[in-house]
Amino acid sequence: MKKWNAFLFALLLLIGSLAGCGSDNADKTKQENTNTAETAPQAEVTFPVVITDGTGQDVTIESKPEKIVSLIPSNTEIAYGLGLEEQIVGVSDFDNFPEQVAEKEKVGGMEFNVEKIISLKPDLVLAHASSAHTSEAGLQQLRDAGITVLVVNDATTFDQVYESISMVGTASGQKEKADAMIADMKNKTEEIQTKAQAIKEEDRKSVFVEVSPAPEVYAAGKNTFIDEMLQIINAENTVTEEGWPKLDSETIIKRNPDVIITTHGYYTPEPVKNVTSRKGWENITAVKENRVVDVHSDKVTRTGPRLTEGLEELAKAVYPDVFN
């Protein structure tokens with residue numbers, strides 16, 4: 001069991017909760033993500049375009065792509081949000097949103113199938129900097145086959161997510177839609193932040209965000225998306241370590257968070273009970289006050305347009321009286 005939990009956690013960190021749950025309202029959410037983009041009038045994008053990708057290399061897109069393969073779910077969600085569902089011909093094995101991706105050809109997981117991708121004859125492959133160094137040989141094979149490969153940046157902040165969206169939008173000829181999507185995300189984030197600023201210092205909550213359950217508990221620390229979200233909603237992250245540290249129970253109990261958030265409900269049958277039933281945790285404020293909440297993993301870890309939904313969900317979990 002320990003090995004399985006560790007594997008799931010490693011997978012979560014590498015590819016942004018790729019094995020996470022799907023959405024119960026996929027069609028509705030997809031529409032919400034694309035409404036602003038679809039209403040903006042579109043100017044013709046002039047090709048070729050040159051883009052500096054996530055590895056610092058200049059990539060030339062000779063013409064507007066008619067067939068696109070996405071190697072990671074965040075890229076796929078961005079592409080669908082930009083209205084590119086017809087152009088997408090292949091996705092990774094981990095793609096689960098929107099529901100329509102289930103109908104697309106699968107090209108592999110952490111190790112993609114080069115032959116399969118070539119057989120789909122894409123004009124553009126959307127790769128990702130998080131795995132580019134381990135898959136460089138395969139990406140080069142695609143380039144040698146005459147396929148343009150764009151390595152999207154490995155975003156670790158909201159601003160860098162906006163860069164990813166802009167990059168995909170420019171490469172696909174949907175720059176204006178990308179700009180509209182970014183503006184919409186910024187507006188929603190600003191609305192939430194403005195509301196959070198009204199929270200008094202004495203009402204500010206300390207939060208522990210658990211991304212992998214016992215017996216090997218991993219948490220969201222500094223310089224992560226979740227940490228930035230906690231800052232935006234005016235909450236204190238009890239995890240002061242960098243990245244995604246593994247913490248023992250004694251450390252967590254000592255820090256005594258007001259709220260505990262879990263993100264592993266997509267594979268933990270009862271994530272809240274998993275926390276509240278732990279020996280010694282009954283005296284933690286969050287447990288005593290029934291402030292343990294599971295949130296949608298993909299929305300708070302996947303670097304795409306649903307991050308603002310994740311931000312709102314997190315805000316409601318930490319400050320229900322303010323945001324519900």
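Novice: How would you summarise the pattern of salt bridges if you had to cite specific residues and measurements?
Specialist: This structure, assessed with the given rule, holds 12 salt bridges. Between Glu136 and Arg143 there is a salt bridge, with its nearest N and O atoms 3.0 Å apart. With a shortest N-O distance of 2.7 Å, Arg278 and Glu210 are connected by a salt bridge. Placement of Arg278 in the loop between helix H11 (271–276) and helix H12 (285–288) and of Glu210 in strand E8 (residues 206–212) is noted, with a sequence separation of 68 residues between them. On the basis of relative accessibility, which here comes to 9%, the residue Arg278 falls in the buried class. A residue is classified by how much of its surface remains accessible, and Glu210, at 0% relative accessible area, is buried.

Novice: Please set out the environment of Glu228 residue by residue, giving values where relevant.
Specialist: Counting through the fold element by element, Glu228 comes out in helix H9 (residues 225–232). Given the relative accessible area of 22%, Glu228 is considered partly exposed. For the pair Glu228 and Leu311, spaced 83 residues apart in the sequence, the C-alpha separation amounts to 9.5 Å.

Novice: Tell me about the sheet that holds strand E3 (residues 68–70), residues and numbers included.
Specialist: Picture the strands of a sheet paired through backbone hydrogen bonds; they go either parallel or antiparallel. In spatial order, the strands read E5-E4-E3-E6-E7; together these five strands make up an open sheet with parallel pairing. The open sheet terminates on both sides in strands that have one partner only, identified here as strand E5 (105–106) and strand E7 (148–152). As defined by bridge partners, strand E6 (residues 124–128) adjoins E7 across five bridges and the pair is classed as parallel. Counted as the bridge partner of Val125 is Val149 from E7. Sheet strands touched by helix H6 (residues 136–144): E6 and E7. Its angle to E7, the strand with the most contacts, is close to 145°. Most of the contacts of helix H7 (residues 158–171) go to E7, to which it runs at about 165°, and overall it touches E6 and E7.

Novice: Which residues make up the confidence of the model for the chain, and what values do they have?
Specialist: On average, the chain scores 89 in pLDDT, and the residues at 70 or more come to 86%. Low pLDDT, under 50, characterises residues 1–12; the stretch is placed with 22 contacts to residues that sit more than four places away or in other chains. Per-residue pLDDT stays below 50 along residues 14–41; that stretch engages in 65 contacts with residues further than four places along the chain or on separate chains.

Novice: Report on the packing of H9 against helix H14 (residues 307–318), specifying residues and quantitative values.
Specialist: Remark: H9 packs on H14, axes separated minimally by 10 Å, with the N-to-C direction vectors making an angle of 55°. The orientation of H9 with respect to H14, classified from their angle, is oblique. Every pair of crossing elements has a handedness; the one defined by H9 and H14 is right-handed. In this structure, H9 contributes Phe225, Met229, Leu230 and Ile232 to the contact, and H14 contributes Leu307, Gly310, Leu311 and Leu314. Residue composition of the contact of H9 with H14, grouped by class: seven nonpolar, one polar and no charged.

Novice: Before we move on, can you summarise the packing of aromatic side chains with the specific residues and values?
Specialist: Within this structure, the stated rule accounts for two aromatic pairs. Taken together, a centroid distance of 5.0 Å and an interplanar angle of 65° make the contact between Tyr266 and Tyr267 edge-to-face. Take Tyr267: its relative accessible area is 22%, and that puts it in the partly exposed class. Directly above the ring of Trp281 sits Arg278, whose terminal nitrogen or CZ lies 4.6 Å from the centroid. If you follow Arg306 out to its NZ or CZ, it ends over the ring of Phe97, 3.7 Å from the centre.

Novice: Outline a negative patch on the surface, supporting the account with residue identities and numerical values.
Specialist: A cluster of acidic residues, Glu201, Glu202, Asp203 and Glu236, forms a negative patch on the protein surface. With respect to the element layout, Glu202 can be found in the loop between helix H8 (175–196) and E8.

Novice: Just give me the short version of the pairing of strand E11 (residues 259–262), but keep the residues and values in it.
Specialist: Judged by which residues are buried, E11 turns out to be covered on both faces: Val259 and Ile261 on one side and Ile260 and Thr262 on the other are all buried. Across four bridges, the pairing between E8 and E11 is parallel. Considered in E11, the bridge of Glu210 is made with Thr262.

Novice: Break down the nonpolar core for me, with residues and values.
Specialist: Formed by 57 residues in total, the largest nonpolar core has its most connected members in Ile233 and Ile261. Counting residues per element, this core draws most heavily on H7, at seven residues. The contact partners of Ile233, leaving out residues within four places of it in the chain, are Ile192, Ala196, Ile199, Leu311, Leu314, Ala315, Val318 and Tyr319.

So, how was this worked out
Along every chain, residues carry numbers that run from 1 in the direction the sequence is written. Reporting of local features is limited, given that this is a predicted model, to residues whose pLDDT is at least 70; pairs of side-chain atoms are given and counted only at 80 or more, and all residues count toward the totals for whole chains, interfaces and linings. Working from all heavy atoms in the structure, the side-chain values ignore hydrogens and water. The term salt bridge refers to a side-chain nitrogen of Lys or Arg lying within 4 Å of a carboxyl oxygen of Asp or Glu. Strands here mean DSSP runs of E at least two residues long; helices mean DSSP runs of H or I at least four residues long; both are numbered from the N terminus. With a 1.4 Å probe rolled over the protein chains alone, any residue whose accessible area is under 20% of its type maximum counts as buried; one over 50% counts as exposed, and the rest are partly exposed. One requirement defines pairing of two strands: DSSP has to find at least two bridges between them. Here a residue-residue contact requires only that any non-hydrogen atoms of the pair lie within 4.5 Å. Helix axes are fitted only over the stretch in contact, all axes being lines through C-alpha atoms; the angle between N-to-C directions runs from 0 to 180 degrees. As a per-residue measure, pLDDT tells how confident the predictor is, with possible values from 0 to 100. To sort the angles, those under 35 degrees are grouped as roughly parallel, those over 145 as roughly antiparallel, those from 65 to 115 as roughly perpendicular, and the leftovers as oblique. Helix crossings get a hand from a simple test, with the near helix turned counterclockwise from the far one by less than a right angle marking a left-handed crossing and a clockwise turn marking a right-handed one. Charged residues are taken to be Asp, Glu, Lys and Arg, nonpolar residues to be Ala, Val, Leu, Ile, Met, Phe, Trp, Tyr, Cys and Pro, and polar residues to be all remaining types, Gly included. Between 30 and 60 degrees the pair is tilted, below 30 it is stacked and above 60 it is edge-to-face, where a pair is any two Phe, Tyr or Trp rings, Trp via its six-membered ring, whose centres lie within 6.5 Å. Charge-over-ring placement is defined geometrically: NZ (Lys) or CZ (Arg) within 6 Å of the ring centre, and within 35 degrees of the ring normal. For patches, a residue must show more than 30% relative accessible area and have no salt bridge; joins then use 9 Å for like charges and 5 Å for nonpolar side chains, namely Val, Leu, Ile, Met, Phe, Trp and Tyr. For every accessible area listed, the method is Shrake-Rupley and the probe measures 1.4 Å; residues are considered covered only by the protein chains on display. His is not counted here, nor are the chain ends, while Lys and Arg score as positive and Asp and Glu score as negative. Lysine's charge is taken at NZ, arginine's at CZ, aspartate's at CG and glutamate's at CD. The term nonpolar core refers to a set of buried residues drawn from Ala, Val, Leu, Ile, Met, Phe, Trp, Tyr and Cys, joined through side-chain atoms within 4.5 Å.

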